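# Summary of structural features
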Amino acid sequence: MEQLEREGRLVYSKSGMVYEKRYLDDSKGVAVQDWWDDISMLRGIHASGERLGYPTQKPEALLERIIKASSNEGDVVLDPFCGCGTAVAAAQNLKRRWIGIDITHLAVGLIKQRLHDKFGDAIKGTYAVHGEPTDIAGARRLAEDDKFQFEAWALSLVGARHAGQVRRGADQGIDGRLYFHDDKSGKTKQIILSVKGGHVTASQVRDLRGVIEREKAEIGVFITLENATKPMLKEAAQAGFYKSPYFERKFPRLQIFTIEQLLNGEVIQHPRMLETTFKKAPKAKTEAAENLALPLG
């Protein structure tokens with residue numbers, strides 16, 4: 001009592017009763033129960049900066065709690081149906097090693113973009129992707145096996161999201177989109193992408209020109225597994241140029257890339273003031289882009 005008195009931790013009531021002052025940080029609190037109602041759902045477009053538009057996305061705080069409760073730093077976290085990669089991002093942030101598995105190239109492309117947005121360029125060298133085509137032969141096999149997944153994979157080579165999301169359906173001549181800003185007005189401008197895995201013709205390039213006009217897009221990109229013919233290149237050249245109000249140079253309004261060119265590192269020509277293909281994942285608050293890769297046998 002004398003010690004508490006010296007520390008100013010006693011309160012005297014009017015009745016003469018003495019009470020001890022207790023602060024919240026002195027108490028361990030109540031252990032987490034089996035009903036978690038303190039983590040908000042990702043509901044509504046303005047509910048959270050985390051929301052990426054993936055239909056089954058979970059809050060990162062939820063996965064962080066699960067991972068913290070069931071593992072230690074350096075342990076391995078496995079998510080065999082990883083979707084948009086919330087468990088993967090949480091594990092990386094908490095300095096766990098991780099394995100993520102998903103059947104769709106759409107999900108894999110989104111996860112790679114999410115890791116880059118959250119941890120920066122340094123993250124790229126800390127993980128490996130298995131099962132993606134790495135050459136033309138692999139690209140051909142994927143195109144033959146599943147057209148939708150081939151399109152999603154091809155779009156991921158340029159950082160674009162598949163217009164069909166996770167559902168197949170009528171694409172109205174649009175397989176993917178990229179967005180960018182190139183002036184101070186804040187107006188979002190777009191690049192329309194079309195992907196072809198089979199025989200290609202000049203009429204398909206002409207069709208893309210029509211889609212660009214219909215959508216009022218600034219640039220169109222035609223991605224093909226086969227080499228472009230001279231009539232295709234002529235059709236693209238006739239589309240003219242997009243002149244950015246912020247940059248002095250002009251950009252071809254319709255560009256054709258083969259899968260081989262993209263695998264070799266060629267990139268779409270467009271203003272790079274600010275790109276907004278995906279809704280971006282928030283930056284990590286910790287320096288968690290270190291190499292936590294699993295040893296490969």
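A brief look at the structure comes next. (Residues numbered from 1 in each chain as written. Predicted model: local features only at pLDDT ≥ 70, side-chain atom pairs only at ≥ 80, totals over all residues. Heavy atoms only, no water.)

### Considerations on the overall build of the protein chain
Stated precisely, the cut-off is as follows: Secondary structure is summarised from DSSP: a helix means a run of H or I of at least four residues, a strand means a run of E of at least two, and numbering begins at the N terminus for each. The contact criterion used is simple: two residues touch if any of their non-hydrogen atoms lie within 4.5 Å. In short, Shrake-Rupley with a 1.4 Å probe defines the accessible areas, and a residue's cover is counted only from the protein chains shown.
Looking only at helices and strands, the protein chain has nine helices and 12 strands in total. Within the protein chain, contacts between residues separated by at least 24 positions form 60% of all contacts whose residues are at least 6 apart in sequence. Here the protein chain displays about 17800 Å² of accessible surface, and carbon together with sulfur accounts for 52% of that area.

### What about the pattern of salt bridges?
Note the following rule: Throughout this description, the term salt bridge denotes a Lys or Arg side-chain nitrogen within 4 Å of a carboxyl oxygen of Asp or Glu. Remark: exposure states derive from per-residue accessible area (1.4 Å probe, protein chains only) relative to the maximum for the residue type, with buried under 20%, exposed over 50%, and partly exposed in between.
Counted by the stated rule, this structure contains 12 salt bridges. Notably, a salt bridge pairs Glu235 with Arg209, separated by 3.1 Å at the nearest N-O pair. Taken as a pair, Glu235 in helix α8 (residues 230–237) and Arg209 in helix α7 (residues 202–215) lie far apart in primary sequence, 26 residues in all. The class for Arg209 is partly exposed, based on a relative accessible area of 28%. One salt bridge connects Glu213 with Arg253, and the closest N-O pair in it is separated by 2.8 Å. One end of the pair, Glu213, is in helix α7; the other, Arg253, is in the loop between β10 (250–252) and β11 (254–258), and 40 residues separate them in sequence. Linked through salt bridges whose partners overlap, the residues forming this network are Glu60, Arg114 and Lys118.

### Examining helix α6 (residues 147–156)
As a reminder of what qualifies: Any pair of nitrogen or oxygen atoms within 3.5 Å is treated as a polar contact; in protein, a donor-acceptor pairing is required on top of that, and neighbouring residues in sequence qualify only through side-chain atoms on both sides.
In terms of burial, α6 is largely enclosed, as nine of its 10 residues are buried. One side-chain oxygen at the N-terminal end of α6 lies 3.0 Å from the backbone nitrogen of Phe148; it belongs to Asp146.

### Details of the environment of Val195
Looking at where Val195 falls in the secondary structure, it is placed in strand β7 (residues 189–196). Measuring from C-alpha to C-alpha, the distance between Val195 and Phe257 comes to 9.7 Å, with 62 residues separating the pair along the chain. Residues in contact with Val195, not counting those within four places in the same chain, are Phe150, Glu151, Ala154, Leu155, Asp175 and Ile223.

### Overview of the nonpolar core
Test applied: Throughout, nonpolar core names a set of buried Ala, Val, Leu, Ile, Met, Phe, Trp, Tyr and Cys residues whose side chains join them through atoms within 4.5 Å.
Ranked by internal contacts, the top residues of the largest apolar core, which has 24 residues, are Phe150, Ile191, Leu193, Val221, Ile223, Ile259 and Ile268. Of all the secondary-structure elements, those providing two or more residues to this core are α5 (136–145), α6, β6 (176–181), β7, β8 (219–224) and α9 (259–263). Once residues within four sequence positions are removed from consideration, Leu193 is found in contact with Leu155, Val158, Ala160, Ile174, Asp175, Gly176, Arg177, Leu178, Val221, Ile223 and Ile268.

### Looking at the side chain of Thr126
Along the chain, the position of Thr126 falls in the loop between α4 (105–119) and α5. The buried category is assigned to Thr126, whose relative accessible area is 10%.

### Remarks on the side chain of His105
Locating His105 in the fold gives a position in helix α4. Judged by its relative accessible area of 12%, His105 falls in the buried class. Ignoring sequence-local partners within four residues, the contact set of His105 consists of Gly131, Glu132, Pro133, Leu142, Gln149, Ala152 and Trp153.

### Re the packing of aromatic side chains
Just so we agree on the cut-off: Here the aromatic set is Phe, Tyr and Trp, taking the six-membered ring for Trp, and pairing holds for ring centres within 6.5 Å; pairs whose planes are under 30 degrees apart are stacked, those over 60 apart are edge-to-face, and all others are tilted.
Counted according to the given criterion, the structure contains three aromatic pairs. Pairing Trp98 with Tyr127 gives two aromatic rings, centres 6.0 Å apart and planes at 45°, and the pair type is tilted. With a gap of 29 residues between them, Trp98 in strand β4 (residues 97–100) and Tyr127 in the loop between α4 and α5 connect regions that are remote in the sequence. Accessibility classification places Trp98 together with Tyr127 in one group, the buried group. Summarising the aromatic geometry, the rings of Phe180 and Tyr242 are spaced 6.2 Å apart at their centres and angled 70° between planes, so their arrangement reads as edge-to-face.

### A closer look at the environment of Gln57
Take Gln57: it is sitting in the loop between β2 (18–20) and α2 (60–70). Each C-alpha atom, one on Gln57 and one on Leu42, is 7.7 Å from the other, the two residues being 15 residues apart in sequence. Side-chain polar atoms of Gln57 contact the backbone oxygen of Glu50, separated by 3.0 Å.

### Regarding the state of the cysteines
The cut-off we apply is this: The disulfide definition used here is simple: a pair of cysteine sulfur atoms within 2.5 Å.
Per the stated rule, a full pass over the model turns up zero disulfides. For Cys82, which is in no disulfide, the shortest distance to another cysteine sulfur is to Cys84 and amounts to 8.8 Å. According to the relative accessible area criterion, Cys82 is buried, its value standing at 8%.

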